[in-house]
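# Summary of the model geometry
Here are the chains, one letter per residue:
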Amino acid sequence: MEHLHSFYDALPSASPRAWGPAELSIVLPLAIHWAVALMYESFDAFGLFQQYRLLQPDEYRKNKVTKLEVVRGVLVNQAIIVVVGWIGLALEPGLNDQKPGDPFGITQEAVRAITDSKDVAQSPVLTSLAHSILAAARIVAALFVYDTWQYWVHLALHMRWAYSQFASRFCRLINHLLRGREHFDADWRTPGHSERIHIWHHLLNAPWSYAATYVHPFESFLLDALGPAFTCVFVGLTAWERVAVFTLSVLKTLDDHSGYRFPWDPIIFIGGLTGSDIVYHTVHHQSWGVKSNYALWFTFWDRMMGTIYNGPKSLNLTPQFAEFRAVRKIAKTEHVE
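Residues numbered from 1 in each chain as written. Predicted model: local features only at pLDDT ≥ 70, side-chain atom pairs only at ≥ 80, totals over all residues. Heavy atoms only, no water.

As annotated in an unreviewed UniProt entry, the chain carries the name Fatty acid hydroxylase and is attributed to Colletotrichum destructivum. Under Subcellular location (unreviewed entry), UniProt gives the following word-for-word description of the chain: "Membrane". (UniProt positions renumbered as here; feature names shortened; annotations may be inferred.)

As structure tokens, this is what we get:
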């Protein structure tokens, strides 16, 4: 009982006034999720920027869930993220006081090298610069580690053995509570698919932006709660670095599911450098591309494992975007054409 009291006392305060960057790393990305999603919804509602819309309207009619169902599912998953995140913060006391120069995670040797260097230690400017470079390196490393986690869990959830292994009583119970077995089976038209976890996300042929985290709650626990927790501990992210990594990841998933490809979008620019952008992920949502393009940030694992799409199919693009791409000479990457 004493341990429970100690754990309860270690939980972060529920008052936003007492929050530091550690608490913001959980709450801020969720707030950004809905703010950006509403922005994309306003584009749809008022017909704005239609020349940058990727898919034909017919593609959205193939979605097998309603917007209300998606919102409800996302809110449940975000509640899971908050609960797991709050528990995680209780297990990491003093995170808000952690500094970039504190040795932690896989970068601790680099931190010690900076600290032990007399030239750096004697110059506040060099010390600040070294820690800034190290922080940027940790953020990039965290994105790669999380992308690796994302790829392998995502790939596993597309395998038959994963469906049978994870289709536990817990998962079936969640299906009953949140969607209803009859409704789910009627949507998917195939008996037994209601036990499959990742099927939830692929009920969306052309996702809406806020559907980025519309997945089975167990999958959300694996990808959106456990994955980030492992990444933070493994890489050794400070609280502010976590804010950066989680915010970037939320923006990336929203961008990949937004249905728009803006030329000035910085996330699109990063995706252009890494090879993973909205076009790349939209292919994964098509029936002919569902077994390919699993990664979030980088295409390293897809290329290494041969799961990048190289087939003959192409996306059903809007005439406006096709014309825009022709004029701007946007590259027709191998996974599209």
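What follows continues from the structure just given.
### Digging into the overall build of the chain
For the chain, the count of helices and strands is 16 helices and zero strands. For the chain, the proportion of contacts with a sequence separation of at least 24, taken over those separated by at least 6, is 73%. On the chain, roughly 16700 Å² of surface is accessible, and the fraction owed to carbon and sulfur atoms is 65%. (Helix = DSSP H or I, 4+ residues; strand = E, 2+ residues; numbered from the N terminus. Contact = heavy atoms within 4.5 Å. Areas by Shrake-Rupley, 256 points an atom, 1.4 Å probe, with all protein chains shown as cover.)

### Description of the layout of surface pockets
Approximately 870 Å³ is the volume attributed to the largest pocket. In this structure, the largest pocket is lined by 43 residues; those nearest its centre are Ile81, Leu223, Asp224, Ala225 and Pro228. Those elements that provide at least two residues to the lining of the largest pocket are α2 (21–46), α4 (67–90), α7 (124–156), α11 (217–235) and α12 (239–256). If one sorts the elements of the lining of the largest pocket by residue count, α11 sits on top with nine residues. Its residues assigned to classes, the lining of the largest pocket comprises 24 nonpolar, 14 polar and five charged. (1 Å grid on protein atoms, 1.4 Å probe; cavity = no way out; pocket = protein on both sides within 12 Å on 5 of 7 lines; lining within 4 Å. Points joined across faces, edges and corners; volume = space filled by probe spheres on them. Nonpolar A, V, L, I, M, F, W, Y, C, P; charged D, E, K, R; others polar.)

### Some details on the pattern of salt bridges
Taken as a whole, this structure holds five salt bridges when the rule is applied. When the shortest N-O distance is used, the salt bridge between Glu41 and Lys67 registers 3.3 Å. Here Lys67 lies in helix α4 and Glu41 lies in helix α2, a separation of 26 residues in the sequence. Since its relative accessible area comes to 36%, Lys67 is described here as partly exposed. (Salt bridge = Lys/Arg side-chain N within 4 Å of Asp/Glu carboxyl O. Buried < 20%, exposed > 50% of the residue type's maximum accessible area, 1.4 Å probe, protein only.)

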